[in-house]
Amino acid sequence: MAGTQTKVGRRTLRLTNLDKVLYPATSTTKGEVIDYLVAVAPVLLPHAVDRPVTLKRWVHGVGTVDEPGEVFFQKNVPDGTPDWVPTHDLVHRSRTTTYPVLDEADGPAMLAWFGQLAGLELHVPQWRVALDEGAGHDVVHHPDRLVLDLDPGPGAGLPECVVVAHACREIVEGMGLTILPVTSGSKGIHLYAGLDGTASSDQVSQIAHELARTLEQEMPKLVVSTQSKAERAGKVLLDWSQNSGAKTTVAPYSLRGRERPTVAAPRSWDELDDDLAHLSPADVLGRVEEMGDLLAPLAPRAAARPSRSRRGKGVPRAEASDDDAPAGDGPSRAGGTRAGGEPADARPPSGTADRLATYRAKRDPARTPEPYPDASAAAPSGQPVAGDQPAARDMSADDDTTGDAAADARPTFVIQDHRARRHHHDFRLEHDGVLLSWALPRLTPADPARNHLAVRTEDHPLDYGAFEGTIPRGEYGAGEVRIWDAGTYVAEKMRDDEVIVELTGRPDGGLATDGGPQPPVIALIRTDGDTWLAHRIDPTRRRRSARHRPATASPRAAAGGAATAAAGAEPRLTELRPMLASPTTQAEQRRLAHEVEPGGPWAVEMKWDGMRVLCATNPDTDRIEVRTRSGADVTTSFPELRALLEAVPVPAVLDGEVVALGPTGAPDFGLLQSRLGLEDAPPPGSVPVGLLVFDVLEASGNDLTGLPYDARREALATVLTPTGGIAISDVVDLPWHEALATSRELGLEGLVLKRRTSTYQAGRRSRDWRKVKHVEHADVLVVGWSPGEGDRASTLGSLLLAERDGDGVRYVGRVGTGFRDATLTRLAATLTADETDTPLLDDVPPDVARNARWVAHPVPAEVEHSGRTRTGSLRHPVWRGLRHDLR
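Cut-offs and rules
- Residues numbered from 1 in each chain as written.
- Predicted model: local features only at pLDDT ≥ 70, side-chain atom pairs only at ≥ 80, totals over all residues.
- Heavy atoms only, no water.
- Helix = DSSP H or I, 4+ residues; strand = E, 2+ residues; numbered from the N terminus.
- Buried < 20%, exposed > 50% of the residue type's maximum accessible area, 1.4 Å probe, protein only.
- Contact = heavy atoms within 4.5 Å.
- Areas by Shrake-Rupley, 256 points an atom, 1.4 Å probe, with all protein chains shown as cover.
- Core = buried A, V, L, I, M, F, W, Y, C linked by side-chain atoms within 4.5 Å.
- Pairing = 2+ DSSP bridges.
- Axes fitted to C-alpha atoms, helices over the stretch in contact; angles between N-to-C directions.
- Disulfide = S-S within 2.5 Å.
- Patch = residues over 30% accessible without salt bridge, like charges linked within 9 Å, V, L, I, M, F, W, Y side chains within 5 Å.
- Salt bridge = Lys/Arg side-chain N within 4 Å of Asp/Glu carboxyl O.
- Lys, Arg positive; Asp, Glu negative; His and termini not counted.
- Charge placed at Lys NZ, Arg CZ, Asp CG, Glu CD.
- Phe/Tyr/Trp six-rings, centres within 6.5 Å; stacked < 30°, edge-to-face > 60°.
- Lys NZ or Arg CZ within 6 Å of the ring centre and 35° of its normal.
- Polar contact = N/O pair within 3.5 Å; in protein donor to acceptor, adjacent residues only side chain to side chain.
- Left-handed = near helix turned anticlockwise from the far one by under 90°.
- Bend = angle between axes of the 7 residues up to and from the residue.
- Parallel < 35°, antiparallel > 145°, perpendicular 65-115°, else oblique.
- Nonpolar A, V, L, I, M, F, W, Y, C, P; charged D, E, K, R; others polar.

S.K.: Please provide a residue-by-residue account of the overall build of the protein chain, values included.
M.R.: A tally of regular secondary structure across the protein chain gives 17 helices and 43 strands. Counting across all 887 residues of the protein chain, residues that qualify as buried make up 55%. A separation of at least 24 residues holds for 67% of the contacts in the protein chain among residues at least 6 apart in sequence. A total of about 36900 Å² of accessible surface is found on the protein chain, and carbon and sulfur atoms cover 50% of it.

Here it is as structure tokens:
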């Protein structure tokens, strides 16, 4: 069957059976499907580029209601895939799947090819490949959007979904995010909110789950957040689970495999309240021509690679009128910015304008009974929740203030019941002359196993802590305000990304009677922008930090305390994630150089080029469990680690790194790859591995995460006896420059600095641990480039690099970061003027060479990098500039 040769963009496709009917009810043919996909490409691609695509294929058509067509999901690229189709491998526990990945340059041709395969539905995750961190089993996905799938159960439909959609909008916009609707083309509505790509899939899923549970509690007759079919009749399932890194959602503008062709179509909020119906392909193309892409505000920049900070503040705030703002505290009337365009969650530096300007801007003292401090009398701006700043009064064990006097000196808190348009509570902490404030849609959690959503709002005056009354209708936050509980607090942590406070409220206050553990200890953890999670800590199940622990507490006793804990307690890792180190800038390293010294506040460990794992071991049951930082179970991949059963005589949870040594004796992550995904013992001749342990989280049933670092290291030395390939990662008691030099001489990645007083913050990236990577420079040759995409479409995507090798050159990687816009423009002009069809080298990987463009003469340049791979390629190269002196 010869088919038809058709040029789409820069590619020529062989299309067959174009008259084949894929939708019998409307006689829609394969040719018409392909026509739609190519026509809609300009608005579809921005929401699907750089995402692995799963096709839902109806090879013989969708059939009829009585005889539906056969359908299957295509994940792996099929045989016969054109060699220009980009792909991405995802490593699963027992297999690796190779997905097609849409790109800007060949996107229209790929969509036509999908149509040729009768791939009617395109399903994509909420994350993009460019934002991934790590690789293989250890990859961490960072979504750049949040999705809520409103799925009506039996007896419910689009009208019910619309009601729930508006309720979701109110909460999400109160979090400072823009959220837009898409009628799914099937039964319900999808809601998308843009994110800045700094939070992980797990964090985003947790936020979405809390939102779903909040609405389920507020609208129990209409909303359900669990998949149970028995509970779904007449209700809308608010499916939050599609934010998981392992799940996908049908892409906006994708066709649907229904009886008649419909589309997942972006809509405006206004039209949701009209006679809503799903749209056909012709409807959608007409709307696009008339209105453009209604989802465009959420389209990511294809080439963007945001900072890896887990606590970024880059989430844009939604523009909202008074009616759209959350009742109580939320974004300002000016769309979430202060005067002059400052982000609403920003704080002015010490000595500048006061911190209550936003509070006053939202209120008219002539119309509301709320406290209204004069600007001249307002508290001066100081340090907000940031760094290691204490609260106004941080009561530690060595305070000489006691009894009632101590209580009076402590900073205050208040929780106010705010019965506004959306009933919620406001949590406020006295700090630095103001009340730090969070809006709580579901109050503070009483159950330590459940987290609640919290949204950071503007600072309030101290007098607001005693306010009760009615805010008049038409004013910001109109409604009744009553104090639910109030008192004082002791701060254990007061940072810009984490707050932990122990509250002492009223004897008859809400905290004393909410059924939660006492005394109430509340943790607030920032996940993204102004979005936080509130967690109730059970004080009976945690070790207090050193300043609260009796002087007689012994880490050795805790580690070996079989007498005080049940022998054989089975440690589990399913929900546990390791503590992560934050990166350091060059300026921070210069400061740390003065602090890192023998006996100083920082312990220094080597940074190993291995795989981070948590290990649970129990010699009483002869059981060991090994999981990566993402939670993947790799126990069978590393049977050598069963030596832990001999090395550790008590049940324990350890944190460490699996390493494989290269020919130079230094750890080599590349050698570990052959050991992943094994379900049986590794074959003879496999690369041997060892385990370097640097922390202990649990021993003999005792939770050690609340102990300071030095105490945990003492406990580790007590519970672990090095044996075979199991060793303790040494603390390097050297000054800064000597420690760095030692790491470099050993061929390691760098250093990890750990604050000696720090507790173990599971699952968090903390500034109590800092990673310092070696930076090396290399003279390279630019031999080609990959075309740019998105905001780099007119310049370059990345440069292909080589080094001289005898009489020739060899490929050493590509660099895509470190450029200024002006540099990209100049480089594009220089390289394009010297373009040729013939590359200067022949060892460029096929997936890189496929879309590459070449130069006739190599261009000398310099890059920074963090080391070399086993094959000699550069790790994490960053552009420094051209080297005209080396021509």
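And the narrative resumes.
S.K.: I'd like a description of the environment of Asp274, backed by residues and values.
M.R.: Secondary-structure assignment places Asp274 in the loop between helix H5 (269–272) and helix H6 (281–291). For Asp274, a relative accessible area of 53% corresponds to the exposed category. Counting along the chain gives 115 residues from Asp274 to Pro159, while the straight-line C-alpha distance between them is 9.7 Å.

S.K.: Explain the nonpolar core residue by residue, including any values.
M.R.: With 44 residues, the main nonpolar core has Leu148, Leu150 and Leu238 as its most contacted residues. Where this core is concerned, the elements lending two or more residues are strand S10 (145–152), helix H3 (158–174), strand S11 (179–183), strand S12 (189–194), helix H4 (201–218), strand S14 (236–239), H5 and strand S22 (452–460). Looking at this core, the element that brings in the most residues is H3, giving 9 residues. Once residues lying within four places of it in the same chain are set aside, the contact partners of Leu238 are Leu148, Asp149, Leu150, Val164, Cys168, Leu211, Ala212, Leu215, Val223, Val224 and Ser225. In this structure, Val53, Trp84, Val124 and Val263 belong to the second largest nonpolar core, which totals 41 residues.

S.K.: An account of unusual backbone geometry is requested, with residue identities and associated values reported.
M.R.: The omega torsion of the bond from Gln518 to Pro519 falls at -10°, within 30 degrees of zero and hence cis. Along the chain, the position of Pro519 falls in the loop between helix H9 (510–513) and strand S26 (521–528). Positive phi is not limited to glycine here, since Asp622 has a value of about 55°. Tracing the sequence through the fold places Asp622 in the loop between strand S30 (611–618) and strand S31 (623–628). Despite not being glycine, Ser700 has its phi angle at roughly 50°, a positive value.

S.K.: Go over the sheet that holds strand S15 (residues 249–250), please, and point to the residues and values.
M.R.: Spatially, 4 strands are ordered S6-S5-S9-S15 in an open sheet, and the strand pairing comes out antiparallel. Looking at strand neighbours, the two that pair on one side only are strand S6 (72–74) and S15, the edges of this open sheet. Here strand S5 (residues 54–57) pairs with S6 via 3 bridges, running antiparallel. Residue pairing for S6: Lys56 is matched across the bridge by Phe73.

S.K.: So what's going on with the sheet that holds strand S29 (residues 602–607)? Residues and values would help.
M.R.: An order of S28-S37-S36-S29 is seen for the 4 strands of this open sheet, with the pairing classed as mixed. Single-partner strands in this sheet number two, and they are strand S28 (580–583) and S29. Between one strand axis and the next, the sheet turns by 40° as a mean value, whatever way the strands run. Here S29 pairs with strand S36 (residues 750–755) via 6 bridges, running antiparallel.

S.K.: Now, about the state of the cysteines: what can you tell me, with residues and values included?
M.R.: Counting across every chain of the model gives 0 disulfides. In this model Cys161 remains outside any disulfide bridge; the closest cysteine sulfur is found in Cys168, 10.0 Å from its own. Given a relative accessible area of 0%, Cys161 falls into the buried group. Here Cys168 falls in the buried class, since its relative accessible area comes to 0%.

S.K.: Could you give me a rundown of a negative patch on the surface, with the residues and numbers involved?
M.R.: Negative charge collects at one region of the surface, where Asp270, Asp273, Asp274 and Asp275 lie side by side. Inspection of the secondary structure assignment puts Asp275 in the loop between H5 and H6.

S.K.: So what's going on with the pairing of strand S25 (residues 498–504)? Residues and values would help.
M.R.: For S25, a buried count of 5 out of 7 residues is recorded, marking the element as mostly surrounded by other parts of the structure. Bridge analysis of strand S24 (residues 479–494) against S25 gives 6 bridges, and the strand direction is antiparallel. Paired with Thr488 across the two strands is Thr504, which belongs to S25. Two successive antiparallel strands, S24 and S25, enclose a turn made up of 3 residues.

S.K.: Lay out the packing of aromatic side chains with the relevant residues and their values.
M.R.: Within the structure shown, the criterion is met by 7 aromatic pairs. A ring pair is formed by Phe427 and Trp438, whose centres lie 6.2 Å apart and whose planes are at 35°; its orientation type is tilted. Of this pair, Phe427 sits in strand S20 (residues 424–431) while Trp438 sits in strand S21 (residues 434–440); the two residues are 11 residues apart in sequence, bridging distant segments of the chain. Take Trp438: its relative accessible area is 0%, and that puts it in the buried class. Grouping aromatic residues by their ring pairs yields a cluster made of Tyr359, Tyr464 and Phe467. A cation over a ring is seen here: Arg456 above Trp438, with NZ or CZ 5.2 Å from the ring centre. Above the ring of Trp769, the side-chain terminus of Lys754 is found at 3.9 Å from the ring centroid.

S.K.: Got a sec to walk through the side chain of Asp497? Specific residues and values, please.
M.R.: Mapped onto the elements of the fold, Asp497 is located in the loop between S24 and S25. Overall, Asp497 belongs to the buried group, its relative accessible area being 7%. Only 2.9 Å separates the side chain of Asp497 from the side chain of Arg764, close enough to count as a polar contact.

S.K.: Before we move on, can you summarise the pattern of salt bridges with the specific residues and values?
M.R.: If you walk through the whole model with that rule in mind, you get 43 salt bridges. Residue Glu271 is joined to Arg267 by a salt bridge in which the shortest nitrogen-to-oxygen separation is 3.3 Å. Comparing Glu271 with Arg267, the two get one shared label, buried. Note that Arg355 is salt-bridged to Asp459, the shortest N-O span being 3.0 Å. Here Arg355 is found in the loop between H6 and helix H7 (357–361), whereas its partner Asp459 is found in strand S22, with 104 residues between them in sequence. Given the relative accessible area of 1%, Arg355 is considered buried. The class of Asp459 is buried, set by a relative accessible area of 1%. Where salt bridges share partners, they join Arg355, Asp432, Arg456 and Asp459 into one cluster.

S.K.: Can you break down the packing of helix H1 (residues 30–44) against H6 residue by residue, with the values?
M.R.: One can describe the packing of H1 onto H6 by two numbers: an axis separation of 11 Å at closest approach and a directional angle of 35°. At the point where H1 passes H6, the crossing takes the left-handed sense. Together, Tyr36, Ala39, Val40 and Val43 of H1 and Pro281, Val284, Leu285 and Val288 of H6 make up the contact between the two elements.

S.K.: Any details on the side chain of Ser205? Residues and values, ideally.
M.R.: Tracing the backbone through its elements, the reader meets Ser205 in helix H4. Owing to a relative accessible area of 9%, Ser205 belongs among the buried residues under this scheme. One polar contact links the side chain of Ser205 to the main-chain carbonyl oxygen of Asn243, over a distance of 3.3 Å. When sequence neighbours within four positions are dropped, the list of residues in contact with Ser205 reads Trp240, Asn243 and Ser244.

S.K.: Go over the environment of Arg213, please, and point to the residues and values.
M.R.: Note that Arg213 resides in helix H4. In this structure the C-alpha to C-alpha distance between Arg213 and Val224, which are 11 residues apart in sequence, comes to 8.0 Å. Discounting residues that sit within four places of it in the chain, Arg213 has contacts with Ser225, Arg442, Arg450 and Asn451.

S.K.: Explain helix H2 (residues 107–116) to me, and be specific about the residues and the numbers.
M.R.: Judged by how many residues are buried, H2 sits mostly within the fold: 9 of 10 residues are covered. Just beyond H2, the residue with positive phi is Ala118, at close to 60°.

S.K.: I'd like a rundown of H1, residues and numbers included.
M.R.: Since the α-helix packs 3.6 residues into each turn, any two residues three or four apart lie on the same face. The principal kink in H1, of about 30°, is found at Val38, preceding the proline Pro42 by one to four residues. Here H1 has its buried residues at Lys30, Gly31, Val33, Ile34, Tyr36, Leu37, Val40, Ala41, Val43 and Leu44.

S.K.: Lay out the packing of H1 against H2 with the relevant residues and their values.
M.R.: In contact at an axis separation of 8 Å, H1 and H2 are set at 150° when each is read in the N-to-C sense. On the basis of their axis angle, the class for H1 and H2 is roughly antiparallel. Considering how the two elements wind past one another, H1 and H2 form a crossing that is right-handed. The residues of H2 that touch H1, namely those facing Lys30, Val33, Ile34, Leu37, Val38, Ala41 and Leu44, are Pro108, Leu111, Ala112, Gly115 and Gln116. Grouping the constituent residues of the contact of H1 with H2 by class yields 9 nonpolar, 2 polar and 1 charged.

Any functional reading would require information that these geometric values do not contain.
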